[in-house]
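Residues per chain, in single letters:
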2 protein chains.
Amino acid sequence: MKKISKMVIRRLPRYYRYLSDLRNEGVERISSTELSKRLKVTASQIRQDLNCFGGFGQQGYGYNVAQLHEAIGDILGLSMHYKMIIIGSGNLGHALANYAGFARRGFQLVGMFDISEAVVGTEIHGISVQHMSALEAFCQEEAPEIAVLTVTKLAAPEVAEKLAKLGIKGIWNFSFMELVAPPGVHVENVHLSDSLMMLAHHITPHSGKKSKIKE
Amino acid sequence: MKKISKMVIRRLPRYYRYLSDLRNEGVERISSTELSKRLKVTASQIRQDLNCFGGFGQQGYGYNVAQLHEAIGDILGLSMHYKMIIIGSGNLGHALANYAGFARRGFQLVGMFDISEAVVGTEIHGISVQHMSALEAFCQEEAPEIAVLTVTKLAAPEVAEKLAKLGIKGIWNFSFMELVAPPGVHVENVHLSDSLMMLAHHITPHSGKKSKIKE
């Protein structure tokens, strides 16, 4: 497969989400023009992006929704049905365990871990929270690929090292710091406050206000 | 103030987060080269971005961390200390209420609301969850600017309309659907699964695999 540029890859989740909705609504085909209205990407950019996968819509037909949806899902790794564990089972860990979006996208939550005795043994979606000391044996048994990190910023680097040694391939990091990827592991750092800051910027009146960075 | 392009604005939260860390570590000044190593943006792009605010680093000195931090914070609306309410007080609502990042950035959580009797009356950070029926009176009294939406995808559009009428200026939407902004309101739609899909893509071996979109 032709190597797909980073910018195109970044647009794929958005395409995928919209195609999921269309599929659920029973829509069978869609043109690049209709896609562009919804996705805020020009029709020609969409056609260019999809050309990267070696396929073309058909003139007068557009794209077949189910096939496009599956092709993009493949590229996003969703057909791999990766096994996911959550490290840190506080409020955010619980919220992520309940986040319906993941099961729908093919991710299987297979374990949850914490260091706090207070949460060990509590259950979510049939999964019992285990103590961190059980992590090694669990990983050797189950071989999960993805770990969601919702631990303190101090604990995160050490836990990430440990996860890398246990064979985890990808870390989804919510731990308030920019985690550097251990060798052989891909890390996505999530900074929830970034979009909140964007929101605050957009609702703040700026006209006529001067901002000067003093030298 | 010169109008700042969208692309520059999108980089500001990252700059802000790193400058916060530097400030906490007591670092007083930093060069664009040092910033670029950490932020994965070229030194020249950084200088260009910061020039948009009408300020320049000083040759041989670089930028003053505290001043740069404050200037960017202003642009991001963080010195406005916006009042925030959370609509939908389930796991995700609770997790967001506890997310330390917000208070640190100057946002004040002033109210939480839900339709479920089971959570009404429960308390987080001194805030008692109120029933949705109390929302109107609350907004007339407190005039919050930002609402965090963690309700079902079906309920979201209606709740958004209501919030717009009650004077909310910005909606931070976690409700699994692309909310269209009511007039006069800015919406940031959060799709947590997007970065998870990026992660899955990066850990999926693709070499030699052909993907073809059938016509």
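This section reports on the structure supplied with the text. (Residues numbered from 1 in each chain as written. Chains lettered and ligands numbered in written order. Predicted model: local features only at pLDDT ≥ 70, side-chain atom pairs only at ≥ 80, totals over all residues. Heavy atoms only, no water.)

**Here we look at the overall build of chain A**
Move 1: Scanning chain A from terminus to terminus reveals 9 helices and 9 strands.
Move 2: Each of the three principal axes of chain A carries a C-alpha extent, and together these read 60 × 55 × 35 Å.
Move 3: Taken over 215 residues, chain A has a buried fraction of 51%.
Move 4: Looking at chain A alone, contacts between residues at least 24 apart form 57% of all its contacts between residues at least 6 apart. (Helix = DSSP H or I, 4+ residues; strand = E, 2+ residues; numbered from the N terminus. Buried < 20%, exposed > 50% of the residue type's maximum accessible area, 1.4 Å probe, protein only. Contact = heavy atoms within 4.5 Å.)

**Quick look at unusual backbone geometry**
Leaving glycine aside, a negative phi is the common case for residues, and trans is the common case for peptide bonds.
Residue and element names in this part refer to chain A.
Move 1: Look at F176: it is not a glycine, yet its phi comes out positive at around 60 degrees.
Move 2: Its place among the elements puts F176 in the loop between β8 (170-173) and β9 (186-189).
Move 3: The exposure class of F176 is partly exposed, given its relative accessible area of 29%.

**Section: the packing of helix α2 (residues 32-39) of chain A against helix α3 (residues 43-51) of chain A**
All names here are of chain A.
Move 1: The contact between α2 and α3 brings their axes to 8 Å, and the two run at 110 degrees. Here α3 runs roughly perpendicular to α2, going by the angle between their axes. Contact residues: S32, T33, L35, S36 and L39 in α2; A43, I46 and R47 in α3.
Move 2: Residues that form the contact of α2 with α3 fall into these classes: 4 nonpolar, 3 polar and 1 charged. (Axes fitted to C-alpha atoms, helices over the stretch in contact; angles between N-to-C directions. Parallel < 35°, antiparallel > 145°, perpendicular 65-115°, else oblique. Nonpolar A, V, L, I, M, F, W, Y, C, P; charged D, E, K, R; others polar.)

**What to know about the pattern of salt bridges**
All names here are of chain B.
Move 1: Under the definition given, this model contains 12 salt bridges over all chains.
Move 2: With a shortest N-O distance of 3.9 Å, D21 and R38 are connected by a salt bridge. Taken together, the residues D21 in helix α1 (residues 6-24) and R38 in helix α2 (residues 32-39) connect sequence positions 17 residues apart.
Move 3: Since its relative accessible area comes to 24%, D21 is described here as partly exposed. (Salt bridge = Lys/Arg side-chain N within 4 Å of Asp/Glu carboxyl O.)

**A short note on the relation of the copies chain B and chain A**
Move 1: You can overlay chain B on chain A at an RMSD of 0.0 Å; the transform is a turn of 180 degrees with a shift of 0.0 Å along its axis. Such a combination of turn and shift is consistent with a two-fold rotation axis. (Least-squares fit on C-alpha atoms with pLDDT ≥ 70 in both.)

**Describing the sheet that holds β8 of chain A**
Residue and element names in this part refer to chain A.
Move 1: Read from one edge to the other, the open sheet built from 7 strands follows the order β5-β6-β4-β3-β7-β8-β9, with strand pairing classed as mixed. Unpaired on one side and paired on the other, β5 (123-124) and β9 mark the two borders of the sheet.
Move 2: Judged from the 3 bridges that link them, strand β4 (residues 108-114) and strand β6 (residues 127-131) form a sheet pairing that is parallel. Bridge assignment links M112 to a residue of β6, and that residue is V129.
Move 3: On the sheet, helix α7 (residues 135-142) packs against β3 (83-87), β4 and β6 and is oriented at approximately 175 degrees with respect to β3.
Move 4: Packing against the sheet, helix α8 (residues 156-165) makes contact with β3, β7 (146-149) and β8, and its axis sits at approximately 170 degrees to β7. (Pairing = 2+ DSSP bridges.)

**So, the interface of chain B and chain A**
Move 1: Each side of the interface is counted separately: chain B has 76 residues, and chain A has 76 residues.
Move 2: Both faces considered, chain B and chain A share a buried interface measuring about 7,100 Å² in area, 65% of it formed by carbon and sulfur atoms.
Move 3: The tally of links between chain B and chain A comes to 4 salt bridges.
Move 4: E178 of chain A is the partner of R17 of chain B in a salt bridge, and the nearest nitrogen-oxygen pair spans 3.6 Å.
Move 5: Taken together, chain B and chain A are joined by 14 residue pairs in polar contact (both at pLDDT 80 or more).
Move 6: If you list the elements that add at least two residues to the side of chain B that touches chain A, you get α1, α4 (65-75), α5 (91-98), α6 (100-104), β8 (170-173), β9 (186-189) and α9 (192-203) of chain B.
Move 7: It is α9 of chain B that provides the largest number of residues to the side of chain B that touches chain A, a total of 12 residues.
Move 8: Looking at the side of chain B that touches chain A, its residues break down into 38 nonpolar, 20 polar and 18 charged. (Buried area = accessible area lost by both parts, 1.4 Å probe. Polar contact = N/O pair within 3.5 Å; in protein donor to acceptor, adjacent residues only side chain to side chain.)

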